[in-house]
Each structure stands twice: as structure tokens, then as C-alpha cells.
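Here are the chains, one letter per residue:
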Amino acid sequence: MQQIITAKLKLTTTPEQLQALRQTQLVYRDALNAVSCYAFEHGKTSSNITLHRGMYAHLRTRNRLPSQLACSVERQVAATYKGLWTKLKKNKGHRSKKITRKRFKGLDKPPTYSSPTVQYTYERDYTFQRNQQVSIGTLNGRTTVPYQGYDEHIALIRHGASIGDARLWYDKARKTFYLLVSLEIDVPEPTCEQLNEVVGVDVGIRYLAVTSTSTGKTTFHPGRRVRHQANHYARRRKRLQKQGTRGAKRRLKLQANHIVAKQIIVQHPHALIGLEQLTDIRERTRRRKRKRKKHGKGYERVSPKARKATRVHSQWSFAELHALIGYKAALSGSQAIKVDADYTSKGCPMCGYTADENRPEKGLLFICQNPNCHCMLHADLVGARNLVMRTLVLRQDWSTTGHLSIAPDASDNEAKAARLKRYAELRWSPGASLRSQTGDH
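Position numbers for residues count from 1 along each chain, tracking the sequence in the order it is written. A pLDDT threshold of at least 70 governs which residues receive local features in this predicted model, and a stricter bar of 80 or more applies before side-chain atom pairs are shown or counted, although totals over entire chains, interfaces and linings include all residues. Excluded from the side-chain calculations are hydrogens and water; all other atoms, namely the structure's heavy atoms, are used.

This part takes up the overall build of the protein. Helix and strand counts for the protein stand at eleven helices and 16 strands. In the protein, 66% of the contacts between residues at least 6 apart in sequence involve partners at least 24 apart. Note on areas: these come from Shrake-Rupley sampling with a 1.4 Å probe, and a residue is covered only by the protein chains present in the view. Looking at the protein as shown, the accessible area adds up to about 25,600 Å², and 50% of this sits on carbon and sulfur atoms. Counting from the N terminus, the helices are the DSSP runs of H or I reaching at least four residues and the strands are the DSSP runs of E reaching at least two. Contacts are assigned to residue pairs that have any heavy atoms within 4.5 Å of one another.

What follows is the structure, given as C-alpha cells:
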């Protein structure tokens, strides 16, 4: 199994090299914005050929970019527009199905590039040399810079890893350049027998993750610190309008997700980890705006509480946490898979009764409304236990058929309905095999 990791290499530059690399970064960013405007003016095109024909000479003469960096600029802008067109088409589909009423505005104006990060292509823009040095392209040609990094990453670079593209990133606070190199390594794929534990991971906003095993072992990973810190940055940005706070908030969330993902992998070695399939979750759970009455010449202001809730919801970085758990699991001998997330927080794991009323006021307390059950649990723990049961079903299928589905096919509605019907028959029984309504073991 192929796994992609990123090696962070610290570059030891002279003052002249630092200035040359910094100048290359700023010119590269200006070139990105110039090509972005050209693409917008020519039908918001995502064609790399069109951008190359129209902007290559401009990038070479006016921006003085080397040929390979000029091509990298065109490819990066084309990829950006391609992604925006994909989001626009998806948004149209959601609007036609009345999943959302919000119109995608990403193509209303040219995308702006603010980060001066440079994209390098291996063996064209940069190459590794002896004595732990790397040759990097600048506006004035190649320069050779010593680098430092983790011993494991350096060993992979020297032998054993397939080296891909890299990004040149500058840390303003430390006045240091870093080269972020993409490495593709071979990771042995675990067998069903090697994964001796099944774990369900329910991700959320109030709790970044709640894990549960088939034996009932539970761990809560609170997100209060990250949420409070994010609100603090938002207040500072509004009051002082300072730059850099958004990046600081982004780094805080990334660090928190790294910590949570590492804790989950360390606590559950050699495990089959079930994650929720949360594609389009933002559209399906978007907070509905209340109709506001006119107040004088304008409209009544939105309450600070509602504005804060909307901001927290939009900053939910569940996909990043899932990605971190997935690649850390692969490197440690575990396996992460996606399972259907439908009704995991509304269905009772003890009796199977599913209803919106099981979550009073959509709070953290789950109370089963079945008169014969009345199970009371933390709502996120309910979700984690339902994920455990669904993951265990997939593991049983894996051991029987020899095939493991890493992600459910969301496009096949009939297959999904059959899976959900099968999941509805599951009952939680810690320390024993899961039982269906028919009593099978």
C-alpha cells in the first residue's frame, strides 16, 4: 500500500540565499495573481493549455520566472479553477435538491493568492545532493542549501522513498525557510487477523473526537480549548484588524487535530478504525437563518450567540482530523475505513429505536424515547458505539469475503438502503459479539 507523507526540512541559508529565496516567493505569488486574473477574464478557464499560451511569455519576461516555475504557476492556477468549478457544480446540485439555498460565490471574482509559498517539481526545480544539501531554483538560477530534518525522513530521502513535489515555506517569526517535500513510501497492508480491535470514532465540535471499542472502552477528546482560543482570535481580529491571527488560529486547530489523532492511534494499536462518511455534511447540517424583521432603515442585527455558532460550525475541521487519523493509522499498522453516518446520533444502540426526539434540543444528552428502553448516554458516545457496530459488521464481511470496503458507495442508493437496514438490526453488547434482532451470534 502506498502512503504519502510530508518531510519538513529546515534550510540553513546565508543572508544572500535568504534574500534570493524570499524574492522568488514574492514574484511567484505575483505571477499567480496575474494568471488568476487572466483566467477569470477568459471565461474563468481551467485549461492549462489556454493559460500557457496566454501567459507563459508574460511570466518569462515581466516576472522573470524560470521556465519550470512559470509552468508551475499555470498548473497551480488551472488546478484552483478546476476545484472551484467542481464546487460550483456540486452547489448547483444541492440547490436543485433543496439541500441548501446558498449560492456558491467562489467564481464571482478572481481567486487571490496571499501565501508566497512556491511549488517546486522534483528534478526540475530542485534536487537533493550529497552531504545533506539541496539544490533549489531561484530567479537567478540554482542555489545549493544545507538542510536539517528528522532522521527518519532524511533516511527515506536517501533511499527507499519516491520523492515528489515540494513547497518552499517561509516562517516570518523565525526568518527561516522550510522545504516541505512529498514522499511516497510502501506501507505493508494489514490483514484482517492482524487487526485485533475495532474502534469507532465520532467527531464533533464540542468534543473533537469520542472513541469507543467493541468492549466498551471509551475516550473523550474535548475541543473546548481550541474553540475558546478560536473565539479569542476572532474577537482580536474584529477589534484590532491585525493580520496573522487567522494563520495562528489555523495552526492551533492543526496542532490539536495532530494531538488527538496521535492519541487515538497510540491508545488503539493494530485496530480497524471506523470513521463517519461526512461528505457534504456542511450542506446537510447548515444552520438555517431566521427571517429577521425590518428595524428602521435596516434589518435587525443577528445575535452574537448565533453569529458565534455559525462561525464555529464553519471552522469545523473534521476532514483534516479524518485525514490525520487515516495516514497515522496506516503508518502504525492499523486501518481506517469510512462507514455510513446516517442516524448514528439518533439511533439507540441498545434497542435500535431511531427518532429525532432521542436528542432533546439537539443537546449532548441522548434519551431513548422507546418506552421499553429509556437508555441515557452522552450523545457523542452513542454515535461512537453505533460506528463500532457498523465497523464490526464490515470486519466480519472482510473475514468472510476477503475484501474490505474502505469507503461506502454513496451513489448507489439501493445498496445504501440495504446497509442501513442491516445496521438497524444491530444491538450493543459490550464484551460479546454483536447480536441482531433474530438473536444470531
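What follows concerns the packing of aromatic side chains. Any aromatic ring pair is given by two values, namely how distant the centres are and how the planes are angled relative to each other. Pairing of aromatic rings covers Phe, Tyr and Trp, the last counted by its six-membered ring, and requires centre-to-centre distances within 6.5 Å; plane angles under 30 degrees mean stacked, over 60 mean edge-to-face, and any other angle means tilted. Scanning all chains against the criterion turns up seven aromatic pairs. Ring centres of Y170 and F177 lie 4.6 Å apart, and the angle between their planes is 45°; this geometry places the pair in the tilted category. F177 shares its class with Y170; the two are buried. Ring centres 5.4 Å apart and planes at 65° place the aromatic pair Y207 and F220 in the edge-to-face group. Separated by 13 residues along the polypeptide, Y207 in strand β9 (residues 207–213) and F220 in strand β10 (residues 218–222) bring together distant segments of the chain. On the accessibility criterion, F220 (33% relative accessible area) is partly exposed. Charge over a ring is defined by NZ of Lys or CZ of Arg lying within 6 Å of the ring centre and within 35 degrees of the ring normal. For K8, the ring lying beneath its charged end belongs to Y178, and the centroid distance is 4.6 Å. When accessible area is computed with a 1.4 Å probe and restricted to protein chains, residues below 20% of their type maximum are described as buried, those above 50% as exposed, and intermediate ones as partly exposed.

When two cysteine sulfur atoms lie within 2.5 Å, the pair is treated as a disulfide. The tally for this structure, following the rule as stated, stands at zero disulfides. Its sulfur unpaired, C375 is 4.4 Å from the next cysteine sulfur, which belongs to C348.

Time to look at the nonpolar core. Nonpolar core, defined: a set of buried Ala, Val, Leu, Ile, Met, Phe, Trp, Tyr and Cys residues in which side-chain atoms within 4.5 Å join the residues together. L11, Y120, Y126, F128, L179 and V181 are the most contacted members of the largest nonpolar core, which totals 49 residues. If you look at the next biggest cluster of nonpolar residues, it comprises 21 residues, including V201, I264, A329 and A341.

This paragraph deals with the sheet that holds strand β11 (residues 271–277). Here we have five strands laid out as an open sheet, ordered β10-β9-β8-β11-β14, and mixed in their pairing. Every other strand in the sheet has two partners, leaving β10 and β14 (335–340) as the edge strands with one partner each. For this sheet, the mean inter-axis angle between neighbouring strands, taken without regard to orientation, is 25°. As defined by bridge partners, β11 adjoins β14 across six bridges and the pair is classed as parallel. Residue pairing for β14: G274 is matched across the bridge by I337. Those strands touched by helix α9 (residues 318–331) are β8 (197–203), β9, β11 and β14, and its axis lies near 160° from that of β11. What makes two strands pair is DSSP finding at least two bridges between them. Comment: axis = line fitted to C-alpha atoms, over the contacting stretch for helices; angle = value between 0 and 180 degrees taken between N-to-C directions.

Expected span of a helix, by definition, is 1.5 Å for each gap between consecutive residues, and there is one gap fewer than residues. End to end, helix α1 (residues 15–41) covers 40 Å across 27 residues, agreeing with the expected 39 Å (1.5 Å per residue, within 8%). With its phi angle positive at about 75°, G43 sits one or two positions after the end of α1.

Another point: unusual backbone geometry. The phi dihedral of K175 falls on the positive side, at around 50°, and the residue is not glycine. With respect to the secondary-structure elements, K175 resides in the loop between β6 (162–171) and β7 (176–186). The backbone of H270 shows a phi angle near 50°, a positive value even though the residue is not glycine. With respect to the secondary-structure elements, H270 resides in the loop between α6 (245–267) and β11. Taking the relative accessible area as the measure of exposure, H270 reaches 38% and is therefore partly exposed.

The next subject is the pattern of salt bridges. Throughout this description, the term salt bridge denotes a Lys or Arg side-chain nitrogen within 4 Å of a carboxyl oxygen of Asp or Glu. If you walk through the whole model with that rule in mind, you get six salt bridges. K346 is the partner of D356 in a salt bridge, and the nearest nitrogen-oxygen pair spans 2.9 Å. Separated by ten residues along the polypeptide, D356 in the loop between β14 and β15 (365–367) and K346 in the loop between β14 and β15 bring together distant segments of the chain.

What follows is about the packing of α1 against helix α3 (residues 67–96). At a closest axis distance of 9 Å, the pairing of α1 and α3 adopts a crossing angle of 50°. Relative to α3, the element α1 is oriented oblique. Where α1 crosses over α3, the two elements pack in a sense that is right-handed. Along its contact with α1, which presents T24, Y28, A31, L32, V35, S36, A39 and F40, the element α3 presents L69, S72, V73, Q76, V77 and Y81. Its residues placed into classes, the contact of α1 with α3 shows ten nonpolar, four polar and no charged. Roughly parallel covers angles under 35 degrees, roughly antiparallel covers those over 145, roughly perpendicular covers 65 to 115, and oblique covers all other angles. Each crossing gets its handedness from the near helix: less than a right angle anticlockwise from the far helix is left-handed, clockwise is right-handed. Each residue is assigned to one class: nonpolar for Ala, Val, Leu, Ile, Met, Phe, Trp, Tyr, Cys and Pro, charged for Asp, Glu, Lys and Arg, and polar for all the others, Gly among them.

With that settled, consider the sheet that holds strand β5 (residues 141–148). Ordered in space as β2-β6-β7-β1-β5-β4-β3, the seven strands form an open sheet in which the pairing is antiparallel. Pairing within the sheet leaves two strands with one partner each, and these edge strands are β2 (118–120) and β3 (126–129). Here the average twist between neighbouring strands, direction ignored, is 35°. Pairing between β3 and strand β4 (residues 133–138): four bridges, direction antiparallel. Directly across from F128, in β4, lies its bridge partner V134.

In an α-helix there are 3.6 residues to a turn, and that puts residues three or four apart on one side. The terminal C-alpha atoms of helix α10 (residues 379–401), which comprises 23 residues, lie 33 Å apart, in line with the 33 Å expected from a rise of 1.5 Å per residue. With 17 of 23 residues buried, α10 is to be regarded as a mostly interior element. Following α10 by one or two positions, G402 has its phi on the positive side, about 85°.

For the rest of this paragraph, the subject is the environment of C37. By the element assignment, C37 lies in helix α1. Taking the C-alpha atoms as reference, C37 lies 8.6 Å from K109; in sequence the two are 72 residues apart.

Here we come to the confidence of the model for the protein. For the protein, the mean per-residue pLDDT works out to 86, and 82% of the residues sit at or above 70. Looking across the protein, the model is least confident in strand β12 (residues 294–295), with a mean pLDDT of 46, and most confident in α1, with 97. Confidence of the predictor at the level of single residues is captured by pLDDT, which takes values from 0 to 100. Note that pLDDT drops below 50 for residues 240–245; the model gives that stretch five contacts with residues more than four away or on any other chain. Note on residues 291–299: pLDDT is under 50 here. Beyond four places in sequence and across chains, it has seven contacts.

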